[in-house]
Amino acid sequence: TERLIPFDIVPRILPAAEWKLLSAGLRQRVKALNLFLQDIYHDQEILEAERIPPDLILKNQQYRPEMHGIDVPSGIYAHIAGVDIVRAGEGEFYVLEDNLRVPSGVSYMLEDRKMMMRLFPELFARHAVAPVEHYPDMLLDSLRAVAPQGVAEPTVVVLTPGAYNSAYFEHAFLAQQMGIELVEGQDLFVNGDMVFMRTTQGPRRVDVIYRRVDDDFLDPLVFRKDSMLGVPGLLSAYRSGSVTLCNAIGTGVADDKSVYPFVPEMVRFYLGEEPILNNVPTYMLRKPEDLKYALAHLPDLVVKEVHGSGGYGMLVGPASTREQIEAFRKRIEAAPANYIA
């Protein structure tokens, strides 16, 4: 259902020095995450070195064995990343989570800036505020840059689950801003390992799909058989290299809550650098000592389900009632490995 989104007219100011730090930290982190995804779907060196427990990856719900050995253009799996950050004092930032599956929300930031400029034109007249409205142009350039080899003028589309999806506004907004087609699964078909779009002028080949559909629903021949949102044969076309998916299938394993505590280790392993941005101190409830601490401090902690996303399966201790905390305690005790705090 349509609803108003609250708008805070007090701006969050990021001075240039803070933004420089954030920018460098995010580039470093996303680079390491991409190298991690390339590794686990190829040589699995980080698992052999036992820097991450192998079962945490290979038995993960988001790990897609179907992606093993597939070379993606430029080795980029996560073309778009939505990294959640919290500020903890001047110049000090922590990463809350890395969203790499189907990151959402940038359109609200763009709309908020438009609103801000309307409400406080003098703020923008007096100060050198860095612009954000060129985001759709940068996004389109990024999508075109990973087109299959030999395609000079790639056709790019946004694949949406449809108007009932909670982020449909964003799908339509970004497609319109980029000047590309917004399509649903039924608008596409695979023929001879190539993806085509149905148009009034006949079929048109598609080279890059900015997909806003979860892995499970992308191809009913491989993943969920009951999916009405995907394109039969899409994985086969993807494997052949005739089409690029952004983000790649299988990126969810890198943003899983159980893998999050190991991202600083990925930075050290793949880049030989110390992380610029730190994680929030995290307890892995699969470890007995972490579980004991978390159960004793539930009112002070945020507890997340490891395979969850979108704010589901969470306990925000400081904002919960005693009854909610006790009910969640039972869920944790029943399956501690399913949670981090």
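The paragraphs below set out a description of the structure included in this document.

The rules behind the values
- Residues numbered from 1 in each chain as written.
- Predicted model: local features only at pLDDT ≥ 70, side-chain atom pairs only at ≥ 80, totals over all residues.
- Heavy atoms only, no water.
- Pairing = 2+ DSSP bridges.
- Helix = DSSP H or I, 4+ residues; strand = E, 2+ residues; numbered from the N terminus.
- Axes fitted to C-alpha atoms, helices over the stretch in contact; angles between N-to-C directions.
- Core = buried A, V, L, I, M, F, W, Y, C linked by side-chain atoms within 4.5 Å.
- Buried < 20%, exposed > 50% of the residue type's maximum accessible area, 1.4 Å probe, protein only.
- Contact = heavy atoms within 4.5 Å.
- Parallel < 35°, antiparallel > 145°, perpendicular 65-115°, else oblique.
- Nonpolar A, V, L, I, M, F, W, Y, C, P; charged D, E, K, R; others polar.
- 1 Å grid on protein atoms, 1.4 Å probe; cavity = no way out; pocket = protein on both sides within 12 Å on 5 of 7 lines; lining within 4 Å.
- Points joined across faces, edges and corners; volume = space filled by probe spheres on them.
- Salt bridge = Lys/Arg side-chain N within 4 Å of Asp/Glu carboxyl O.
- Phe/Tyr/Trp six-rings, centres within 6.5 Å; stacked < 30°, edge-to-face > 60°.
- Polar contact = N/O pair within 3.5 Å; in protein donor to acceptor, adjacent residues only side chain to side chain.

With that out of the way, let us pick up the sheet that holds strand β4 (residues 181–183). Sheet architecture is open: four strands sit in the order β4-β3-β8-β9, paired in parallel fashion. Edge positions in the open sheet fall to β4 and β9 (244–246), since each of these has one partner strand only. Going from strand to strand, the sheet's axes swing by 30° on average, the running direction of each strand aside. Pairing analysis gives three bridges linking strand β3 (residues 156–159) to β4, with the strands arranged parallel. Its bridge partner being in β4, Val 158 is matched across the sheet by Leu 182.

Let's shift gears to the nonpolar core. Generally speaking, a soluble globular protein has its nonpolar side chains buried in company with each other. Membership of the largest hydrophobic core comes to 57 residues, with the highest contact counts inside it found for Phe 36, Ile 209 and Met 266. Take this core: its biggest share by element is seven residues, from helix α1 (residues 16–40). Excluding its chain neighbours within four sequence positions, the residues that come into contact with Phe 36 are Ile 46, Ile 52, Ile 57, Ala 254, Val 259, Met 266 and Tyr 270. Among the nonpolar cores identified, the runner-up in size contains 19 residues, and Ile 80, Leu 110, Phe 173 and Cys 246 belong to it.

At a minimum axis separation of 9 Å, helix α6 (residues 135–145) and helix α7 (residues 168–178) run at an interaxial angle of 80°. Considered as vectors, α6 and α7 are oriented roughly perpendicular to each other. In contact with Tyr 135, Pro 136, Leu 139, Leu 140 and Leu 143 of α6, α7 contributes Leu 174, Gln 177 and Met 178. When its residues are assigned to classes, the contact of α6 with α7 shows seven nonpolar, one polar and no charged.

A few words now on empty space enclosed by the protein. The full count for this structure, using the stated rule, is one cavity of 30 Å³ or more. Size it by volume and the largest cavity reaches roughly 30 Å³. For the largest cavity, the full set of lining residues is Ile 80, Arg 101, Val 102, Pro 103, Tyr 210, Arg 211, Arg 212, Cys 246 and Asn 247.

Looking now at unusual backbone geometry. Here the bond from Cys 246 into Asn 247 is cis, since omega is -5°, no more than 30 degrees from zero. Topologically, Asn 247 is positioned in the loop between β9 and α9 (263–271). Positive phi outside glycine occurs at Glu 50, with the angle close to 60°. By the secondary structure assignment, Glu 50 is in the loop between α2 (45–48) and α3 (54–58). Backbone geometry places Ser 74, a non-glycine residue, at a positive phi of 60°.

One pass over the full model with this rule turns up 17 salt bridges. Between Asp 215 and Arg 64 there is a salt bridge, with its nearest N and O atoms 3.2 Å apart. Of this pair, Asp 215 sits in the loop between β8 (208–211) and α8 (234–240) while Arg 64 sits in the loop between α3 and β1 (82–87); the two residues are 151 residues apart in sequence, bridging distant segments of the chain. Look at Asp 215 and you get buried, because its relative accessible area is 7%. Each of the salt bridges in this network shares a partner with another, and the network as a whole consists of Arg 51, Glu 265, Arg 268 and Glu 274.

Contact geometry of α1 with α9 gives a least axis separation of 9 Å together with a crossing angle of 80°. With respect to their mutual orientation, α1 and α9 come out roughly perpendicular. Taken together, the residues of α9 that come into contact with α1 (itself represented by Gln 28, Arg 29, Lys 31, Ala 32, Leu 33, Leu 35, Phe 36 and Asp 39) are Val 263, Met 266, Val 267, Phe 269, Tyr 270 and Leu 271. In terms of residue class, the contact of α1 with α9 is built from 10 nonpolar, one polar and three charged.

Turning next to the packing of aromatic side chains. Per the stated rule, a full pass over the model turns up eight aromatic pairs. The interplanar angle of 20° and the centroid separation of 6.1 Å between the aromatic rings of Tyr 41 and Tyr 77 together place this pair among those described as stacked. Here Tyr 41, found in the loop between α1 and α2, pairs with Tyr 77, found in the loop between α3 and β1; they are 36 residues apart in sequence, far enough to count as distant. Using a relative accessible area of 0% as the deciding quantity, one classes Tyr 41 as buried.

Moving on, we come to the environment of His 127. Mapped onto the elements, His 127 comes out in the loop between α5 (121–126) and α6. The spacing of His 127 and Gly 69 is 58 residues in sequence and 50 Å in space, taken between C-alpha atoms.

For the rest of this paragraph, the subject is the sheet that holds β1. Across the sheet, three strands lie side by side as β1-β2-β10; this open sheet has mixed pairing. Where the open sheet ends on each side, the last strands, each with one partner, are β1 and β10 (278–279). Sheet topology places β1 next to strand β2 (residues 93–99); six bridges connect them, and they run antiparallel. Each residue of the ladder has a partner; that of Val 86, found in β2, is Tyr 94.

Below, the discussion takes up the side chain of Thr 160. Counting through the fold element by element, Thr 160 comes out in the loop between β3 and α7. At 3.1 Å, the side chain of Thr 160 forms a polar contact with the backbone nitrogen of Gly 162. Setting aside its immediate chain neighbours within four residues, Thr 160 contacts Tyr 168, His 171, Leu 182, Val 183, Glu 184, Gly 185 and Val 213.

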